[in-house]
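Residue-level listing of the chains:
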Amino acid sequence: MLGGKQYVDSLADGRVSYIDGRRIEDLTTDPTTRIAVGLVADCYDTFYSDDPGARNPLLAPPRSAAALREIVGLLRGVDMLAHTTFTSVMTLRTVLPQLQAAHPEYAERVRAHLDYVADNDLRVTECITDAKGHRALSPSKQQDVDAYLRVVERRPDGVVIRGAKLHITGASLAHELFVMPTKKMGPGEEDYAIACAVPANAPGLSTINTTYAFRGEDDRHYPMSRKRQMPDCFVIFDDVFVPNERIFLDGQTEFSALFAHSLGLWERLGGVAEMAHDADLLVGLAELVSEANGLGRVAHVKEKISELVIYATLVRSGLEAAIAHARSTEDGFVYPDELYTNAAKYHGAAEFNTMARNLIDIAGGSVLTAPTIGDLELPELEGHIRQYMTGNPDVSGEDRLRIMHAIRDMVADAFGGWHYVTNVQSGGGLYAQRIVTRKHYPMKESVAMAREAAGLSPKE
Ligand SMILES: Cc1cc2nc3c(=O)[nH]c(=O)nc-3n(C[C@H](O)[C@H](O)[C@H](O)COP(=O)(O)OP(=O)(O)OC[C@H]3O[C@@H](n4cnc5c(N)ncnc54)[C@H](O)[C@@H]3O)c2cc1C
């Protein structure tokens, strides 16, 4: 396995990455990416073992609901790149039986690649979302033929791909990019039905980073995002060569949506796990700030916290149900239940902003205007800040200040905005979860029940 230092060293591989109108010379020292690199390195150190047989524990294929629960538990506290590695690997494991039945040669390559990732302890990102052009038109009807990533040349030893994948979390800091079609392709769209693995330093590949990380020198008043950050990337594939052994699908349009469906499931499960944690955090912050403000016993404040508690409990229930009702592939690989995963993801995302509103409503304007830790350390300001930041005298002015920083960072600043958009869009927008939930809901049984309740004859 790799240790944190080896991971950091591995990024000096000639990859091309940009931010804010400039090329990043060294991702490990650049002020916009170095903290994220450090978080990934910390996770490597946490999982490190010098046993030659040891592997990243997140990648062990779950064989029971209990094993799945254990792995989901491990996700708590890992960096986002460990998350995307887990999701990418589980996606490939889930599609293996279907690939094996129809295209054993692709299944063989997927297995070899999964071994390569595990044996070399690599980090992987999920590259599914295309630029997409005109949203109402399919790939082959677009004015720009590259709006969806496609094969532009086939050679005896591989293919050349062109296009862009957008919003890709951690792409600049990963070792491997797992590329797959964003949706089902139709006849005539064979060139768009491409799934493959691309190393992060492949010639023709470049990433443009965006980050919600605080850009100033002293980030102590960003207690959440200084410990949880990862760039999201605009990834350009400018005629990138992919050798045959890294191609997992090429031209079989009937299988083009297979990867996307599987990724959607695992991505949403990861999202629900994250939201369940964040929901508990919102409850805790609401309780803390209501006490610091001296309003812990006021009825409308308690009601808002009760709503937060119910939200947190329902999101966690959905996560638990998705695991408890886990399914299994023919080869015994366990994956979460679609219905509960999608319903929980929908509920968690759709209600997040209302819950953030409750928290902000309880907290007050200091969420935005509380002075920084640096201000607090200035001798001429310290006394005033401690005095006027105090609400309930049982809670110090400094603690109330820090609580306000945490709330701002979590729901009212760059990281907060990222949270809101990401909860809604990651793993596909709310519409996608509505479709999948409806597809897996036992509608026939419900209708039969309703017919009986209404005194109608059973339908033949
Ligand atoms: C911070 C962040 C991180 C992300 N990380 C990743 C990642 O690591 N890997 C990855 O592959 N993707 C990632 N995504 C992308 C995410 O999955 C997409 O944002 C999401 O699927 C929506 O796609 P879009 O952004 O192109 O929006 P659009 O597809 O344009 O969707 C916008 C709205 O239009 C609707 N819509 C779109 N097309 C149609 C249509 N034909 N008919 C009817 N309605 C339509 C949608 O339902 C939605 O309501 C990330 C996104 C964010 C915000």
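As shown above, the structure is provided for reference.
To keep things clear, this report deals only with the structure shown in the data block. (Residues numbered from 1 in each chain as written. Predicted model: local features only at pLDDT ≥ 70, side-chain atom pairs only at ≥ 80, totals over all residues. Heavy atoms only, no water.)

Here's the deal with the pairing of strand S8 (residues 205–210)
What counts here: Strand pairing follows a simple DSSP-based rule, namely that at least 2 bridges must link the two strands. Here a strand is any run of E in DSSP of at least two residues, a helix any run of H or I of at least four, and the numbering for each starts at the N terminus.
Of the strand pairs in this sheet, strand S1 (residues 16–19) and S8 are connected by 3 bridges, and their pairing is parallel. Looking across to S8, one finds that Tyr18 is bridged to Ile208. Pairing analysis gives 6 bridges linking S8 to strand S9 (residues 232–243), with the strands arranged antiparallel. Within S9, the residue paired with Leu205 across the bridge is Phe237.

Here we look at the pattern of salt bridges
When the charged atoms of two side chains with opposite charge come close together, those side chains can pair. Spelled out, the test is: The term salt bridge refers to a pairing of a side-chain nitrogen on Lys or Arg with a carboxyl oxygen on Asp or Glu at a separation within 4 Å. Three exposure classes are used, based on accessible area relative to the maximum for each residue type with a 1.4 Å probe and protein chains only: buried under 20%, partly exposed in between, and exposed over 50%.
Applying the stated rule across the entire model yields 29 salt bridges. The partner of Arg69 in a salt bridge is Glu320, with the nearest N and O atoms 3.1 Å apart. Placement of the pair is Arg69 in helix H3 (residues 65–75) and Glu320 in helix H7 (residues 299–324), with a sequence separation of 251 residues. Residue classification places Arg69 among the partly exposed positions, given a relative accessible area of 35%. Residue classification places Glu320 among the partly exposed residues on the basis of a relative accessible area of 34%. For Arg155, the salt bridge is made with Glu153, and the minimal N-O distance between the two is 3.1 Å.

Description of the sheet that holds S1
Note on sheets: strands pair through backbone hydrogen bonds, and any given pair is parallel or antiparallel. Reading across the sheet, the 6 strands line up as S2-S1-S8-S9-S5-S4 and stay open at both edges, with mixed pairing between neighbours. A strand with exactly one partner marks an edge of an open sheet, and here the two such strands are strand S2 (22–23) and strand S4 (150–155).

A look at the nonpolar core
So the rule is basically this: For this analysis, a nonpolar core means a set of buried residues of the types Ala, Val, Leu, Ile, Met, Phe, Trp, Tyr and Cys, connected via side-chain atoms within 4.5 Å.
Counting 116 residues, the largest nonpolar core has Leu58, Ile161, Val198, Phe237, Phe259 and Ile407 as its most contacted members. Ranked by the residues each element gives to this core, the list is headed by helix H6 (residues 256–293), at 18 residues. Counting residues in each nonpolar core, the second largest holds 15 residues, with Leu2, Ile19, Val40 and Ala174 among its members.

As for the packing of H7 against helix H8 (residues 338–363)
Short version of the rule: In this analysis, axes come from line fits to C-alpha atoms, helices being fitted only over the stretch in contact, and the angle between any two N-to-C directions falls in the range 0 to 180 degrees. Oblique is the label for every angle not falling under 35 degrees (roughly parallel), over 145 degrees (roughly antiparallel), or within 65 to 115 degrees (roughly perpendicular). Definitions for this section: a left-handed crossing has its near helix turned counterclockwise from the far helix by less than a right angle. A right-handed crossing has that turn clockwise. Any pair of residues with heavy atoms lying within 4.5 Å of one another is described as a contacting pair. Residues are grouped as follows: Ala, Val, Leu, Ile, Met, Phe, Trp, Tyr, Cys and Pro are nonpolar; Asp, Glu, Lys and Arg are charged; all remaining types, including Gly, are polar.
One can describe the packing of H7 onto H8 by two numbers: an axis separation of 9 Å at closest approach and a directional angle of 160°. Relative to H8, H7 is oriented roughly antiparallel. Taken as a pair, H7 and H8 cross one another with a handedness that is left-handed. On H8, the residues that touch Val301, Lys304, Ile305, Glu307, Leu308, Tyr311, Leu314, Val315, Gly318, Leu319, Ala321 and Ala322 of H7 are Tyr340, Thr341, Ala344, His347, Gly348, Glu351, Phe352, Met355, Asn358, Asp361 and Ile362. Classifying every residue of the contact of H7 with H8 by side-chain character gives 14 nonpolar, 5 polar and 4 charged.

Here's the deal with the side chain of His175
Worth spelling out the cut-off: Two N or O atoms count as a polar contact when they lie within 3.5 Å, although within protein this holds only if one can serve as hydrogen donor and the other as acceptor, and sequence-adjacent residues are included solely when both atoms are side-chain atoms.
By the element assignment, His175 lies in the loop between strand S5 (158–169) and strand S6 (176–179). A distance of 2.9 Å separates polar atoms of two side chains, one belonging to His175 and the other to Ser10. When sequence neighbours within four positions are dropped, the list of residues in contact with His175 reads Leu2, Tyr7, Ser10, Arg15, Tyr44, Asp121, Leu122, Arg123, Val198, Pro199 and Ala200.

Regarding H3
Note the threshold: The arc in question is the one spanned by the directions pointing from the helix axis to the C-beta atoms.
Along H3, the residues that are buried comprise Leu68, Ile71, Val72 and Leu75. Take H3 and look down its axis: the buried residues cluster within an arc of 100°, on one side only. Structural note: H3 exposes Ala66 and Glu70 on the side pointing more than 90 degrees away from its buried face. In the core, the buried residues of H3 are packed alongside helix H4 (80–102), H6, H7 and strand S12 (334–335). After H3 finishes, the residue Gly77 shows a positive phi value of roughly 95°.

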